[in-house]
Amino acid sequence: MHFSSADTPSPRDGVLIERRAHVLNRFDDRIPVIYRQPIDLHEDIANWIAGWGGGSLFLTGSIGVGKTHTAWHTCRRWLQAQYAPGEPWQGSPLVKTYRSTALFDALRPDAPGGEGRSLVHELQECDLLFIDDLAAAKASTWTQERLFELFDERYINRRPVIITCDVLPNELSEVTGPRVASRLAEMCRNSVVLLEGDDRRTGAAA
Ligand SMILES: Nc1ncnc2c1ncn2[C@@H]1O[C@H](COP(=O)(O)OP(=O)(O)OP(=O)(O)O)[C@@H](O)[C@H]1O
Ligand SMILES: [Mg+2]
């Protein structure tokens, strides 16, 4: 690519551009195969990324409308946006992604490798946490306590989460318990996005 002198990136921007490419390539490798195809994001999601100020995002909709696919690419676009000129990141943002069922397996005290407690801290502190299919895991007092540990810490520090869920936020209490549902309502205020359409897996979607 040719740069005129006016287009030549400053040394700092050059480092950022290189780092961004490296981080995005690494993120692309983590995207599950069927979700790799780039997609256009819903306008409200694009606006959420562009105007991001620490808030969280709740993606809902019925089975197969594209919530998970959308969430992966939202994480990617969010990550990319952190490297825009003038953004304050010192290091590389850490994005953690979990399906809720796998999350609770990994958090168990008897999980292989015994990483349960250290994982709690990682998930409390990472820069962006994406939990897929929040309502998929069977709710119990134990799952609700684990969610409270994660969400309360992220809530008080204004650290974002991206949630996909086929349950509407006002019906979440049964899944997450009332205290998590209350925090999520504030974290995702004005950023609950309903994806509409048919189940794309059946081929009925437009
Ligand atoms: N915008 C899109 N364009 C084309 N294909 C898409 C798009 N979004 C999703 N898909 C495809 O549709 C299928 C279903 O998507 P996805 O798994 O994201 O749905 P979901 O809403 O998360 O479903 P579930 O509620 O069962 O978890 C996948 O094959 C996915 O790659
Ligand atoms: Mg899904």
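Just so it is clear, the structure is predicted and the values come from calculations on it, not from any experiment. (Residues numbered from 1 in each chain as written. Chains lettered and ligands numbered in written order. Predicted model: local features only at pLDDT ≥ 70, side-chain atom pairs only at ≥ 80, totals over all residues. Heavy atoms only, no water.)

## Quick notes on the environment of Ile156
Mapped onto the secondary structure, Ile156 falls in helix H6 (residues 141-156). A residue is classified by how much of its surface remains accessible, and Ile156, at 54% relative accessible area, is exposed. Between the alpha carbons of Ile156 and Ala136 there is a distance of 26 Å; along the sequence they are 20 residues apart. (Helix = DSSP H or I, 4+ residues; strand = E, 2+ residues; numbered from the N terminus. Buried < 20%, exposed > 50% of the residue type's maximum accessible area, 1.4 Å probe, protein only.)

## Quick look at the packing of aromatic side chains
Applying the stated rule across the entire model yields 4 aromatic pairs. For the pair Trp72 and Phe130, a centre-to-centre distance of 5.6 Å together with 90° between the ring planes defines the contact as edge-to-face. Of this pair, Trp72 sits in helix H3 (residues 67-81) while Phe130 sits in strand E3 (residues 128-132), placing them 58 residues apart in sequence. Both residues of the pair, Trp72 and Phe130, belong to the buried class. When the ring of Phe104 is compared with that of Trp142, the centres are 6.3 Å apart and the planes differ by 65°; the resulting orientation is edge-to-face. (Phe/Tyr/Trp six-rings, centres within 6.5 Å; stacked < 30°, edge-to-face > 60°.)

## Focus: the confidence of the model for the protein
Here the protein averages 90 in pLDDT, and 92% of its residues register 70 or above. A low-confidence stretch, residues 1-5 (pLDDT under 50), is modelled with 2 contacts involving residues beyond four sequence positions or located in other chains. (pLDDT = per-residue confidence, 0-100. Contact = heavy atoms within 4.5 Å.)

## Description of unusual backbone geometry
Look at Asp133: it is not a glycine, yet its phi comes out positive at around 60°. Mapped onto the fold, Asp133 is located in the loop between E3 and H6. According to the relative accessible area criterion, Asp133 is partly exposed, its value standing at 31%. Phi at Asn190 takes a positive value of approximately 65°, unusual for a residue other than glycine. Inspection of the secondary structure puts Asn190 in the loop between helix H8 (178-187) and strand E5 (192-194).

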